[in-house]
Amino acid sequence: MFSVSGRTAVVTGGSRGIGAMIARGLVAAGAEVIITSRRVEQCRATAHHINSEAEAFDSSGRCSYISADLSTSTGIEHLVNSVNDRHEHIDILVNNAGTTWGAPLEEYPLSGWNKVLNTNLVSPFGIIVGLLPLLRNGARPEHPARIINIGSVDGLVAPQWENYSYSASKAGLHMLTRHLAGRLARDSITVNAIAPGPFLTDMLSHIAADPARENELINTVPLGRYGQSDDIVGAVRFLASAAGAFVTAAVLPVDGGFSGATH
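First things first, this report covers the structure right here in the doc. Nothing here was measured: the structure is a model prediction, and the numbers come from that model. (Residues numbered from 1 in each chain as written. Predicted model: local features only at pLDDT ≥ 70, side-chain atom pairs only at ≥ 80, totals over all residues. Heavy atoms only, no water.)

### Some details on the pairing of strand β2 (residues 32–37)
(1) Moving on: For β2, the buried fraction is high: five of the six residues fall into the buried class.
(2) Moving on: Here strand β1 (residues 8–11) pairs with β2 via four bridges, running parallel. The residue bridging T8 from the neighbouring strand is E32, located in β2.
(3) Moving on: In the classification by handedness, the crossover that spans β1, the intervening helix α1 (residues 17–28) and the parallel β2 is right-handed. (Buried < 20%, exposed > 50% of the residue type's maximum accessible area, 1.4 Å probe, protein only. Helix = DSSP H or I, 4+ residues; strand = E, 2+ residues; numbered from the N terminus. Pairing = 2+ DSSP bridges. Right-handed = clockwise from strand over helix to strand, strands pointing away.)

### A word on the sheet that holds strand β5 (residues 145–150)
Backbone hydrogen bonds are what pair the strands of a sheet, in a parallel or an antiparallel way.
(1) Moving on: Taking strand neighbours across the sheet as the criterion, the seven strands line up as β3-β2-β1-β4-β5-β6-β7 in an open arrangement whose pairing is parallel. What marks the edges here is a single partner per strand, and that holds for β3 (62–67) and β7 (251–254). On average, adjacent strands in this sheet sit at an angle of 20 degrees to one another, irrespective of strand direction.
(2) Moving on: Where strand β6 (residues 189–196) meets β7, four bridges bridge the pair, whose relative direction is parallel. The residue of β7 that forms the bridge with A195 is P253.
(3) Moving on: Sheet strands touched by helix α2 (residues 40–56): β2 and β3. Its angle to β3, the strand with the most contacts, is close to 175 degrees. (Axes fitted to C-alpha atoms, helices over the stretch in contact; angles between N-to-C directions. Contact = heavy atoms within 4.5 Å.)

### Things to note about unusual backbone geometry
(1) Moving on: Positive phi, close to 60 degrees, is recorded for D58, a residue that is not glycine.
(2) Moving on: Judged by relative accessible area, which is 71%, D58 ranks as exposed.
(3) Moving on: In this model, A249 sits at a positive phi of 70 degrees, which is unusual for a non-glycine residue.
(4) Moving on: Relative to the elements of secondary structure, A249 occurs in the loop between α8 (229–240) and β7.
(5) Moving on: Residue A249 is classed as partly exposed on the basis of its relative accessible area of 31%.

So this is what it looks like as structure tokens:
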């Protein structure tokens, strides 16, 4: 029920953090995965590492990469054209690439809004539209194609940190998910979002470096820990496999209870 073996997936922002966790988990389960990142060397290194692990565990999955700056229309076009050159269809699209910006309210620059919204909200829309023909090519009523947008608990619960554009962009991505789910159901494409809570990635490294702030953050999570790789991979596997074929327009919190707790 949870098999993704033989599926073709694109994971944006897949060279590090949650994206790399997702890519590694899909490849280990036998999928062919394309990861993207602005940094070609990091992309290459991550793909090599994932492939080495797959070979060690005798997995049929493989990882390749496309370097693209997805905060720009040129980068989105490059990604779409490159995927079209390699494949006649894709089964899974994971929109994970994202960025954040923090600053006091009175000092928060409009450039921060533009950068974050372009990367976190405008880019996923452009990628989805650009890759729709490939998603439709592989979609069947009994075997839908899958779009999985990586949102955030910050799009569900107003955060205490001053990352205004980030939380707004993720809330927008959740609504875009619901909107597109209704539109694309007729094409046998499901559209869902995952809203991760705290995962120890580069995005939280500044908090992890301060024991007091880290303790404050972990205390807001009822399960009392960071999310782990298996937590996010399990959610993606569910939504990408036969187990999740009747699920669409959902926003799934993977947050240790954070979004449901009283803060």
